[in-house]
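Here's the letter readout for the chains.
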Amino acid sequence: MTFDIIIRGGQLIDGSGGPAIEADVGIRSDTIEAIGDLRGANARSEIDARGLLVTPGFIDAHTHADKTLLRYPGAENYRSQGITTVVGGNCGSSPAPLTDYYLQGYWEWNWWFDANPRMYYDEVVADLDVVAPLMREHEGITLDWKTFGEFFDRLRAREPAVNLVPLVGHNAVRGAVMGRDYRRSASAEEVEQMKTLIRNAMSDGVRGISNGLDYAPGGYAERDELVAVVREATAHEGIFTSHWRRTGLRYGTGNPVLIKGLREAIDIAREAGAPSLQVSHVLSGYAIFPESPDSMVREGARLTLAVLEEAVEAGIDIHWDVIPNTHGGTLSGRFLAAGLAPWMKMAGSLEGLAHNLTAPDFRAEVRAYLEAGKWYNLNPVVNPGWASGLMVADHCEAENADRTVADIAAERGTDDLETLFDLIVEDPRSKGEPAPGSEVAHEVFFDHPRTMVALDTFSVDDTYEVQRPPYLRPHPNTYGGMVRYFQRFGLPRFGTEEAVRRVTSLPAKVFRLEDRGLLKEGYRADIVVWNPAEYRDNTTYTEPRQYAGGVEHLLVNGIVTLEDGMFTRGRGGRVLTR
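The model shown is predicted, which means the values in this text are computed figures rather than measured ones. (Residues numbered from 1 in each chain as written. Predicted model: local features only at pLDDT ≥ 70, side-chain atom pairs only at ≥ 80, totals over all residues. Heavy atoms only, no water.)

**Student:** Go over the pairing of strand β7 (residues 83-87), please, and point to the residues and values.
**Tutor:** Summarising burial for β7: five of the five residues are buried, a large majority. As paired elements, strand β6 (residues 58-60) and β7 share three bridges and run parallel to each other. Residue pairing in the sheet places Ile-59 in a bridge with Thr-85 of β7. Bridge count between β7 and strand β10 (residues 163-165): three bridges; the pairing is parallel. (Buried < 20%, exposed > 50% of the residue type's maximum accessible area, 1.4 Å probe, protein only. Helix = DSSP H or I, 4+ residues; strand = E, 2+ residues; numbered from the N terminus. Pairing = 2+ DSSP bridges.)

What follows is the structure in structure tokens.
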């Protein structure tokens with residue numbers, strides 16, 4: 001027998017949850033043709049996997065990679081972690097359909113202010129003819145698609161390095177139909193227009209629909225509309241994923257509904273007749289103030305899990321994903337001043353903000369705005385313990401490093417906001433990061449066999465950053481979240497075989513990828529050859545742009561895209577349409 005590639009001598013974990021075996025894998029073109037003892041077979045190239053694990057490529061169940069794969073088709077951040085497939089179009093946000101409007105995807109920070117200038121909260125819908133030239137100038141992307149079919153053609157031409165599972169976002173559809181006039185209930189005619197766009201998206205091959213009820217425009221939709229759009233997608237055999245209404249629209253204090261939002265997502269699935277529901281980035285449905293003892297946090301997570309389990313028992317096929325980090329997010333603000341983004345934007349620089357904070361009247365105005373609970377991202381009303389959760393990572397006065405703002409305030413005898421302002425004045429480029437959080441809720445969720453893994457990040461390389469205030473960089477999960485899942489939860493809590501199942505065959509089943517997620521003859525050759533002992537997250541919060549280590553070889557549809565730990569020119573990714 002002759003193959004294109006033989007992977008020899010590795011410990012195979014097939015993704016089913018079953019035990020490891022020693023076997024060879026023979027690959028022809030994009031398909032696994034044989035598994036077993038292939039000592040008598042030949043191949044054009046061979047991979048020596050002795051001492052290494054051979055598993056299906058990892059599947060990230062919740063990303064926003066579809067927004068940036070045109071800009072960063074190499075997807076090095078995913079490849080270095082062994083991720084071969086990403087699910088995009090989540091949280092109600094997708095790159096299509098488009099009409100005369102464009103919905104912000106939260107990666108356009110370097111130029112969005114030019115499209116839609118706002119000091120405080122971004123206006124998320126902009127005119128397409130304004131966005132298109134800015135995207136071309138700053139990203140080199142010609143925004144010339146309207147439908148998913150056209151977008152898929154553009155993406156295929158860029159030869160992405162990973163597979164994309166596409167979803168259509170309800171927010172994108174609502175923005176396309178209602179434009180900037182979305183802060184109201186949709187008319188019956190507008191709902192019909194949304195249904196038409198969803199029907200067209202399903203015809204173009206998307207695998208389902210997502211909503212994002214903490215975000216505009218979807219957060220303004222009434223129940224009838226939410227049910228109608230999901231029913232339209234599921235009528236065409238689409239799946240339904242939901243970023244449930246947890247915080248509410250993130251303006252000022254928001255409108256947190258927590259566990260009620262989870263029940264709402266389940267009710268929408270039930271009323272729409274959806275055969276399944278994928279719940280995005282599950283967190284506890286209960287807020288515990290003023291302190292959060294681990295025992296209470298654990299119980300809140302258990303009660304949240306009980307709501308999901310009750311729905312499973314009632315006949316809804318529910319799965320969910322969890323971000324393997326207590327401070328999840330798509331981007332990170334590495335400077336201590338990041339929480340004061342509107343005023344930094346107004347000042348034009350970190351140094352300008354620090355200078356302005358020396359003015360007593362300016363400082364008083366900022367304080368009044370924050371104490372009134374008007375700025376969601378630093379909100380003493382919603383989160384009175386914010387200063388205990390903000391760590392000074394680096395400062396010109398070395399004694400301030402690795403301490404929380406609250407600790408420094410107590411030592412100085414000043415209040416928390418005054419201390420933050422002073423620290424910024426003393427060192428405008430002082431670094432900040434979230435203080436370590438309790439992982440007990442994550443442990444409860446990850447222990448459940450229906451839990452998958454979500455990094456909630458974009459496709460990027462190791463250079464991306466926001467060069468305007470507030471100077472954001474990708475979240476550390478972008479480059480190391482999958483590693484963190486294995487190291488912190490998967491391997492120590494339920495072992496290698498089950499840890500691999502959660503990121504291979506389980507998401508493949510949920511997203512109906514019939515020929516992926518297993519090492520099995522006839523399945524696509526998405527394969528990672530890796531060393532668990534060397535599998536490592538190299539990120540820090542202030543410098544996350546560092547690729548993971550420990551993946552020796554990676555194949556995507558039979559194309560070697562990582563070899564001996566180094567990126568190749570090979571790009572085997574596909575758009576996995578229905």
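**Student:** Could you give an account of the packing of helix α13 (residues 405-412) against helix α14 (residues 416-426), with specific residues and numbers?
**Tutor:** Contact pair α13 / α14: the axes reach a minimum separation of 9 Å and the direction vectors enclose 95°. Taken together, α13 and α14 sit at an angle that is classed as roughly perpendicular. Across the interface between the two elements, Val-405, Ala-406, Ile-408, Ala-409 and Arg-412 of α13 pack against Asp-416, Thr-419, Leu-420, Asp-422, Leu-423 and Glu-426 of α14. Residue composition of the contact of α13 with α14, by class: six nonpolar, one polar and four charged. (Axes fitted to C-alpha atoms, helices over the stretch in contact; angles between N-to-C directions. Parallel < 35°, antiparallel > 145°, perpendicular 65-115°, else oblique. Contact = heavy atoms within 4.5 Å. Nonpolar A, V, L, I, M, F, W, Y, C, P; charged D, E, K, R; others polar.)

**Student:** Just give me the short version of the nonpolar core, but keep the residues and values in it.
**Tutor:** Counting 119 residues, the largest nonpolar core has Met-482, Tyr-485 and Phe-486 as its most contacted members. With nine residues, the single largest contributor to this core is helix α16 (residues 477-502). Contact partners of Met-482, with chain neighbours within four places excluded, come to Phe-58, Ile-59, Gln-81, Ile-83, Val-453, Leu-455, Val-503 and Tyr-535. (Core = buried A, V, L, I, M, F, W, Y, C linked by side-chain atoms within 4.5 Å.)

**Student:** Outline the packing of aromatic side chains, supporting the account with residue identities and numerical values.
**Tutor:** Enumeration over the complete set of coordinates arrives at 25 aromatic pairs. With centroids separated by 6.2 Å and ring planes inclined at 85°, the aromatic side chains of Trp-107 and Trp-111 adopt a geometry described as edge-to-face. Here the two residues Trp-107 and Trp-111 agree in accessibility, since each one is buried. Taking the centre distance of 5.5 Å and the plane angle of 80° together, the rings of Trp-343 and Tyr-369 count as edge-to-face. Placement of Trp-343 in helix α10 (residues 341-347) and of Tyr-369 in helix α12 (residues 360-371) is noted, with a sequence separation of 26 residues between them. With respect to class, Trp-343 is no different from Tyr-369; both count as buried. Feature note: the residues Phe-58, Phe-446, Tyr-485, Phe-486, Phe-489, Trp-530 and Tyr-535 constitute an aromatic cluster, connected by ring pairs. It is Arg-71 that lies over the ring of Tyr-72; its NZ or CZ is 4.7 Å from the centre. (Phe/Tyr/Trp six-rings, centres within 6.5 Å; stacked < 30°, edge-to-face > 60°. Lys NZ or Arg CZ within 6 Å of the ring centre and 35° of its normal.)

By themselves, these figures tell us nothing about what the structure is for.
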